[in-house]
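Notes for the structure review
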Amino acid sequence: MRKYILPLLTILLIAAACNTAPKATGRNGIQFKTPTEYNDYIITRQQEVARLIDQFTAASAFDEDSAQAVLQKSSRITGEYLTDLSAMSDYKGDTAFRNAAVNNFTFYKRIFDNEYKTLLVINSKGNKVSAADAQRAIAITQSLTAEEAELDKHFTNAQHNFAQKNKLSLESAIPAKPNASKD
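Reading guide: rules and limits
Residues numbered from 1 in each chain as written. Predicted model: local features only at pLDDT ≥ 70, side-chain atom pairs only at ≥ 80, totals over all residues. Heavy atoms only, no water. Axes fitted to C-alpha atoms, helices over the stretch in contact; angles between N-to-C directions. Helix = DSSP H or I, 4+ residues; strand = E, 2+ residues; numbered from the N terminus. Parallel < 35°, antiparallel > 145°, perpendicular 65-115°, else oblique. Left-handed = near helix turned anticlockwise from the far one by under 90°. Contact = heavy atoms within 4.5 Å. Nonpolar A, V, L, I, M, F, W, Y, C, P; charged D, E, K, R; others polar. Phe/Tyr/Trp six-rings, centres within 6.5 Å; stacked < 30°, edge-to-face > 60°. Buried < 20%, exposed > 50% of the residue type's maximum accessible area, 1.4 Å probe, protein only. Lys NZ or Arg CZ within 6 Å of the ring centre and 35° of its normal. Expected span 1.5 Å × (residues − 1). Salt bridge = Lys/Arg side-chain N within 4 Å of Asp/Glu carboxyl O. Core = buried A, V, L, I, M, F, W, Y, C linked by side-chain atoms within 4.5 Å. pLDDT = per-residue confidence, 0-100.

**Describing the packing of helix α2 (residues 35-62) against helix α3 (residues 64-86)**
Running from amino to carboxyl end, α2 crosses α3 at an angle of 165 degrees, the nearest separation of the two axes being 8 Å. Classified by the interaxial angle, the pair formed by α2 and α3 is roughly antiparallel. α2 and α3 meet at a crossing whose hand is left-handed. Residue-level contacts link Y41, I42, R45, E48, V49, L52, Q55, F56, A59, S60 and F62 of α2 to E64, S66, A67, V70, L71, K73, S74, I77, T78, Y81, D84 and L85 of α3. Taken together, the residues that form the contact of α2 with α3 break down as 13 nonpolar, 5 polar and 5 charged.

**Focus on the packing of aromatic side chains**
Under the definition given, this model contains 13 aromatic pairs. Ring geometry for F112 and Y116: centres 5.8 Å apart, planes at 75 degrees, overall edge-to-face. Accessibility expressed as a relative area gives 0% for F112, which makes it buried. Taken together, the ring pairs connect F32, Y38, Y41, Y91, F97, F155 and F162 into an aromatic cluster. Note that R45 overlies the ring of Y41, its terminal NZ or CZ placed 3.5 Å from the centroid.

**What about helix α6 (residues 131-165)?**
Taking 1.5 Å as the rise per residue, α6 with 35 residues should run 51 Å; its terminal C-alpha atoms sit 51 Å apart, in good agreement. Just beyond α6, the residue with positive phi is K167, at close to 50 degrees.

**Some thoughts on the environment of F112**
One can find F112 in helix α4 (residues 96-113). Separated by 39 residues in the primary sequence, F112 and K73 have C-alpha atoms spaced 9.3 Å apart. Excluding residues within four positions of it along the chain, F112 makes contact with V49, L52, I53, L71, S74, S75, T78 and K117.

**Focus on the pattern of salt bridges**
Following the criterion strictly, the structure yields 8 salt bridges and no others. D94 serves as the salt-bridge partner of K165, at 3.6 Å between the closest nitrogen and oxygen. One end of the pair, K165, is in helix α6; the other, D94, is in the loop between α3 and α4, and 71 residues separate them in sequence. Residue K109 is joined to D113 by a salt bridge in which the shortest nitrogen-to-oxygen separation is 2.8 Å.

**Points about the nonpolar core**
Ranked by internal contacts, the top residues of the largest apolar core, which has 42 residues, are Y38, I42, L85, F97, F112 and Y116. Elements supplying a minimum of two residues to this core: α2, α3, α4, α5 (115-124) and α6. Beyond its immediate stretch of four places on either side in the chain, Y38 contacts F32, M88, S89, D90, Y91, D94, F97, R98 and F162.

**Regarding the confidence of the model for the protein**
Averaged over the protein, the pLDDT score is 82; the fraction of residues at 70 or greater is 78%. For the protein, helix α1 (residues 2-18) is the element with the lowest average pLDDT, namely 37, and α4 is the one with the highest, namely 97. pLDDT under 50 marks residues 1-24. Its contacts with residues more than four places away, or in other chains, come to 6 contacts. For residues 172-183, every residue scores under 50 in pLDDT, and the model assigns this stretch 14 contacts once sequence neighbours within four places are set aside.

**Things to note about the packing of α2 against α4**
The N-to-C vectors of α2 and α4 enclose an angle of 15 degrees; their axes lie 11 Å apart at closest approach. Put simply, α2 runs roughly parallel to α4. Read as a crossing pair, α2 and α4 show a hand that is left-handed. Taken together, the residues of α4 that come into contact with α2 (itself represented by Y38, N39, I42, I43, R45, Q46, V49, L52 and I53) are F97, R98, A101, N104, F105, Y108 and F112.

So, in structure tokens, the structure goes:
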């Protein structure tokens, strides 16, 4: 009886190997079978970063310590997402959407690590904010707004091109921003 167990186990292992999904193509170990999965993977992370920005904004209005804690958490999570997105596979040879997402997350990581900290320090001065500090805060905010708008434009265009190439309806996936262009 024992001489049949080893061949039987070998057959079962071979059969199990044949029924497993193909290995992931991305360095992050994830393979996307549909364009919807690929799109949603990126967009859900983008939405989470937007929630983190909202949390920071809310916390900075009330408590500097809470805002610092949100910044640390936001930087860590955004860094993890950036690493993950950078390791994503292409989708049928297309990397533009992923690359646009990586550019956005690089920006978000940077602002959590730098500009938001600077704005928090300025904000913490309360009534003692100098005119120079106020001007600096305005300049930082204007610069970030312009940079984010440009990155968002490229990201939205890349997402729409990805959707068009892959016959993906973005309305049925995750809705675009109301002001986003449908070019």
